[in-house]
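Structural overview for review
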Amino acid sequence: MENAIITIIFMAVVGAVIGGFTNYLAIKMLFRPYNAIYIKNWRLPFTPGLMPKRRQELSKQIGVTVKNYLLTPEVFQKKLFNEEIKSTVLNFAREKVEDTLFTNDKTIYDWLKQGGFEQLPDTIEQKVDGIIEKQFYSMKNTLSTKSIEALLPTNVHQVIDRKIPEVVTYILDKGEEYFLSPKGEVTIRNMMDDFLGSKGSFGGMIQMFLGDSASVVLKIQRELIKFLKAPGTKNLLVNIISQEWDKVKQQSMIKYLEEVDFDAILKNIQNYAKRELNIREHLNEPISYYWPQGNDYAKYDLLPKLVDRGFNEAENKLEDVLNRLNLDEVVREQVDSFPLQKLEELVLSIASKELKMITILGAVLGGLIGIVQGLIVYLFN
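Here, residues in each chain are numbered from 1, in the same order as that chain's written sequence. Since the coordinates come from a predicted model, pLDDT governs what is reported: local features require at least 70, and pairs of side-chain atoms require 80 or more to be given and counted, while whole-chain, interface and lining totals use all residues. Excluded from the side-chain calculations are hydrogens and water; all other atoms, namely the structure's heavy atoms, are used.

Looking at an unreviewed UniProt entry, one finds the chain named DUF445 family protein and attributed to Ureibacillus aquaedulcis. UniProt positions are given in the numbering used here, feature names are shortened, and annotations may be inferred rather than shown by experiment. Within the UniProt record for the chain, the comment given under Sequence similarities (unreviewed entry) is "Belongs to the UPF0754 family." Here the chain is described in UniProt, under the heading Subcellular location (unreviewed entry), as follows: "Endomembrane system".

See the structure below:
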């Protein structure tokens, strides 16, 4: 009887050792060895371990599971596009706009310097100079190559042609008014005296013969008035002025501007434009100076619309973005690149107690099987 008990105990111990060791070995063989072991050309069975051997299949299946069941569009929509997140984004945007964009501490030029555009005022002035110079010389070239007739619109020509008779009438009326005035009489007398004086002694004789020139001046005055009032005089002047105007129209404008210093005019125009623009002074003001209502408009009108629009667009494009990301491929690549040793440590750290219990359970079952075998041997003996 004593030998039977010893045998049963021995077989229980052996069974427990075998059961516990096989379970421990099975657990280890989930990861070990990491690589296949070869004896010459023969690969040792069960090498590499289960996880290294099925790593690609496992990573692929994990990627598919993550994409189809874990990181789905519905999950992202629920977590990212809810009212709480939208409200947080809107409040953050409002604070940033108020604290940065519409603050009085920064001028427009400060923003330009921060963005690397501190030379913008000089650039703008150079551009203004360039535009004015280009337009100025284009105008000068037009004045040089085109006649006055081509430059003036048709309606202007019509107005000038219509105004010539009116101008002649005005000149004749003013001439009549002038020669009838005391000043006009003096002018006639001086002209007569100058004329006779220019004829030498003969003119002097005539002047002595005439004596008092008042009557002669009066006669000349009447003849001048008669000449100015004559219809032919007006027609003559209208024809002369019209003919001269036709000649002038055929000339280029630049011909009458030869004495003009165009370079000085160009420089004055450029200086005037830059002085009126006053770029630097305008840029040394904050945005709120030019747009006092900008802060309220941005916070309560613009930003809510932009946030809603952004969230709607992002939500509509979410599925397409996730498809483009190929999350299953990303997960597969990450799992494939994850070191097996770290993966083993991770699994063991999470399930260490359970794995130990499996080892102990194997030992207990092995011990029970050893006891049953010992009893069977004892009964049959």
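A few words on the packing of aromatic side chains. Pairing of aromatic rings covers Phe, Tyr and the six-membered ring of Trp, with a centre-to-centre limit of 6.5 Å; geometry is then stacked below 30 degrees between planes, edge-to-face above 60, and tilted otherwise. Summed over the entire model, instances satisfying the criterion amount to 7 aromatic pairs. Ring centres of Tyr 289 and Tyr 290 lie 5.0 Å apart, and the angle between their planes is 90°; on these two criteria the pair is classed as edge-to-face. Burial classification: accessible surface area is computed with a 1.4 Å probe over protein chains only, and a residue below 20% of its type maximum counts as buried, one above 50% as exposed, and the rest as partly exposed. Exposure remark for Tyr 290: the relative accessible area of 41% places this residue in the partly exposed category. One aromatic cluster in this structure is built from Phe 102, Trp 291 and Tyr 297.

Time to look at helix α5 (residues 83-101). Between its first and last C-alpha, α5 extends 26 Å over 19 residues, near the 27 Å set by a 1.5 Å rise per residue. Of the positions making up α5, those classed as buried are Lys 86, Leu 90, Ala 93 and Val 97. Take α5 and look down its axis: the buried residues cluster within an arc of 65°, on one side only. Exposed residues on α5 whose side chains face more than 90 degrees from its buried face are Glu 84 and Asp 99. The N-cap of α5, judged by a side-chain oxygen 3.2 Å from the amide nitrogen of Glu 84 a few residues on, is Asn 82. For the purposes of this entry, the term helix denotes a DSSP run of H or I that reaches at least four residues, the term strand denotes a run of E that reaches at least two, and both are numbered from the N terminus. Take the number of residues in a helix, subtract one, and multiply by 1.5 Å to get its expected span. The directions from the helix axis to the C-beta atoms form the arc being described. Definition of a polar contact: a pair of N or O atoms within 3.5 Å, with one able to donate and the other able to accept a hydrogen when the atoms are protein atoms, and with sequence-neighbouring residues admitted only if both atoms are side-chain atoms.

In this section: the nonpolar core. Only buried residues count toward a nonpolar core. Its members are Ala, Val, Leu, Ile, Met, Phe, Trp, Tyr and Cys residues joined through side-chain atoms within 4.5 Å. Counting residues in each nonpolar core, the largest one holds 12 residues, listed as Phe 81, Leu 90, Ala 93, Val 97, Phe 102, Ala 298, Leu 303, Val 307, Phe 311, Leu 318, Leu 322 and Leu 327. Broken down by secondary-structure element, the contributors of at least two residues to this core are α5 and α17 (294-325). Sorting elements by how many residues they give to this core places α17 first, with 6 residues. With residues near it in sequence (within four places) discarded, Ala 298 still touches Val 97, Phe 102, Leu 303 and Pro 304. Counting 11 residues, the second-largest nonpolar core is a separate cluster that includes Ile 148, Ile 188, Ile 225 and Val 238. Contacts are assigned to residue pairs that have any heavy atoms within 4.5 Å of one another.

The subject of this paragraph is the UniProt feature "transmembrane region" (unreviewed entry) in the chain. Mapped onto this structure's residue numbering, the UniProt feature "transmembrane region" (unreviewed entry) falls at residues 6-27 and 358-380. This span, residues 6-27, is 100% helix and 0% strand, and a straight line between its end C-alpha atoms measures 31 Å.

The subject of this paragraph is unusual backbone geometry. Located in the positive-phi region is Asn 278, a residue other than glycine, with phi close to 50°. Given a relative accessible area of 27%, Asn 278 falls into the partly exposed group.

This part takes up a nonpolar patch on the surface. Where nonpolar side chains cluster on the molecular surface, the patch consists of Met 357, Ile 360, Leu 361, Val 364, Leu 365, Leu 368, Ile 369, Ile 371 and Leu 375 and spans about 810 Å² of accessible area. Assignment of secondary structure puts Val 364 in helix α19 (residues 340-380). On the basis of relative accessible area, Val 364 is assigned to the partly exposed category, the value being 44%. Like charges are joined within 9 Å and nonpolar side chains (Val, Leu, Ile, Met, Phe, Trp, Tyr) within 5 Å, but only among residues with over 30% relative accessible area and no salt bridge; these make up the patches. Every accessible area reported is derived by Shrake-Rupley at a probe size of 1.4 Å, with residue values counting cover from the shown protein chains alone. Definition used for salt bridges: Asp or Glu carboxyl oxygen within 4 Å of a side-chain nitrogen of Lys or Arg.

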